[in-house]
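Take a look at the letters that make up each chain.
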Amino acid sequence: MGAQAKPAIAIIGTGMSGLACADGLAQDFELSLFDKSRGLSGRLSTRRAPAHAFDHGAQYFRAQSALFQQWLQPFEAAGHVQRWTPRHVTIAADGSQSPREDAHPKWVFTPGMSAIGRALVVGRPRWKLYLDCGVEGVEGQAGDWFLRAGGSRFGPFAHIVFAMPPAQIKALLPVDTSFSAALAKTQMRGCHTLMLGFAPSEAPQLDWQCAHFDDDVLGFAAVNSSKPKRSDDLALVLQTQHDWSQAHIEDDAVDATMKARFEALTGSQISASGYDRVHRWRYASTQTPAASPDQPYLLDHAQGLSAIGDWCYGSKVEQAFLSGATLATRLRA
Ligand SMILES: Cc1cc2nc3c(=O)[nH]c(=O)nc-3n(C[C@H](O)[C@H](O)[C@H](O)COP(=O)(O)OP(=O)(O)OC[C@H]3O[C@@H](n4cnc5c(N)ncnc54)[C@H](O)[C@@H]3O)c2cc1C
């Protein structure tokens, strides 16, 4: 098949699922990738401050499937993926701490979780990449689709892959599809991430790198600066319980509540002059999945439309990868 004869596919969303799908399709299709963000990688995201850096989405990931392990190998060899061995504790409601055993290897992208997107696309110069380019509409007909974004029209595309959270897909789907019902039942919950960057003199003394809280407000904390190739100064990330965030998704002053809970549960005072910001994730974690591990994607082959993401059967980076990679295999068949 000559290069010009390859069918064109648009992938909307460059998180782990969109990247994995693109990589699987690259040999057989002309690819155009769109993302509304300025950077790649979606919820694998890294915020940079002058003396600190924060992974404010996914903290680490597991690689339990052979497919994901195999895909990661070249990135590990090039130093873009490294093992992280944090000390985990559980912090109970009365503030008592107990070690938490977790034998599964944990991996991080370096120098930040978002680095995987750039590491992948530098080796794929034929991909057409449109960043800071939120898709506002999809129009056309089966197998002959066009996208509207930023006053421009892109297309035609034989197939469109929607690689983003379900609520955002629902807003864009141009027609009723065979997977509309599965999409409609899917639900995600929010999360707030507080990023605290400390000067050396004000850094709290913590004897753990990951803390899991038995609390209504706080869910998890990570010492981000303890990951490989991160900043030297202490960078702490606090994340809420998803149910709490969902109930407070429109609130502005969540950071004060999060800090107060952390101080009460750990006895550590936190006053961070280097960086102190909260990020709200409207769609962080899956409550009701749309599909199953056997077929972790949604596809309407006749229309030339499909949907992928962690929400197809979980809430993790590996599930997002498998959703995208498995759809790519199906579309190549
Ligand atoms: C706070 C938090 C903590 C987490 N912790 C972990 C963890 O420790 N371990 C783990 O394995 N997983 C964790 N996760 C989950 C993990 O981040 C996700 O499973 C994975 O990154 C999802 O990838 P995805 O491709 O499905 O979606 P996303 O990463 O959400 O990608 C969707 C992309 O679509 C883009 N987009 C949306 N609408 C449009 C539009 N109209 N036009 C163009 N682009 C659009 C977005 O900008 C985004 O880049 C965490 C997530 C959050 C939020």
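The coordinates are above.
Everything numeric in this text was worked out from a predicted model, so none of it was measured. (Residues numbered from 1 in each chain as written. Predicted model: local features only at pLDDT ≥ 70, side-chain atom pairs only at ≥ 80, totals over all residues. Heavy atoms only, no water.)

A.B. asks: Could you give me a rundown of the side chain of Ser32, with the residues and numbers involved?
C.D. replies: Inspection of the secondary structure puts Ser32 in strand β2 (residues 30-34). Take Ser32: its relative accessible area is 6%, and that puts it in the buried class. (Helix = DSSP H or I, 4+ residues; strand = E, 2+ residues; numbered from the N terminus. Buried < 20%, exposed > 50% of the residue type's maximum accessible area, 1.4 Å probe, protein only.)

A.B. asks: So, the packing of helix α2 (residues 66-77) against helix α8 (residues 317-332): which residues are in play, and what are the values?
C.D. replies: To characterise two packed helices, one gives the angle between the axes of the helices and the distance between these axes. Close contact between α2 and α8 brings their axes to 10 Å; oriented N to C, the two are set at 90 degrees. With respect to α8, the axis of α2 lies roughly perpendicular. Contacts between α2 and α8 involve Leu67, Phe68 and Trp71 from the first element and Val317, Glu318, Phe321, Leu322 and Ala325 from the second. Looking at side-chain class alone, the contact of α2 with α8 contains seven nonpolar, no polar and one charged residues. (Axes fitted to C-alpha atoms, helices over the stretch in contact; angles between N-to-C directions. Parallel < 35°, antiparallel > 145°, perpendicular 65-115°, else oblique. Contact = heavy atoms within 4.5 Å. Nonpolar A, V, L, I, M, F, W, Y, C, P; charged D, E, K, R; others polar.)

A.B. asks: An account of the sheet that holds strand β10 (residues 135-141) is requested, with residue identities and associated values reported.
C.D. replies: The strand order β10-β11-β12 describes an open sheet built from three strands, whose pairing is antiparallel. In the strand order of this sheet, the two ends are held by β10 and β12 (152-157), each with one partner. Adjacent strand axes in the sheet meet at a mean angle of 20 degrees when their direction is disregarded. Bridge count for β10 against strand β11 (residues 144-149) is six bridges, and the pairing is antiparallel. Looking across to β11, one finds that Gln141 is bridged to Asp144. (Pairing = 2+ DSSP bridges.)

A.B. asks: Residue-level account of the site of the ligand, with values.
C.D. replies: In the vicinity of the ligand, 35 residues are found, and the nearest of them are Ser17, Asp35, Arg43, Tyr60 and Asp310. One nitrogen or oxygen atom from the main chain of Gln59 is found 3.3 Å from an oxygen atom belonging to the ligand. The contact in question runs from an oxygen atom of the ligand to an N or O atom on the backbone of Lys316, over 3.2 Å. Its free accessible area being 1000 Å², the ligand has 92% of it covered by the protein chains. Elements with a minimum of two residues in the shell around the ligand: α1 (16-25), β14 (187-197), β18 (275-288) and α8. Taken domain by domain, the makeup of the shell around the ligand includes at least three residues from each of domain 1 (1-38 + 131-186 + 289-333) and domain 2 (46-112 + 187-287). (Near = heavy atom within 4 Å. Polar contact = N/O pair within 3.5 Å; in protein donor to acceptor, adjacent residues only side chain to side chain. Areas by Shrake-Rupley, 256 points an atom, 1.4 Å probe, with all protein chains shown as cover. Domains from an automatic or database assignment.)

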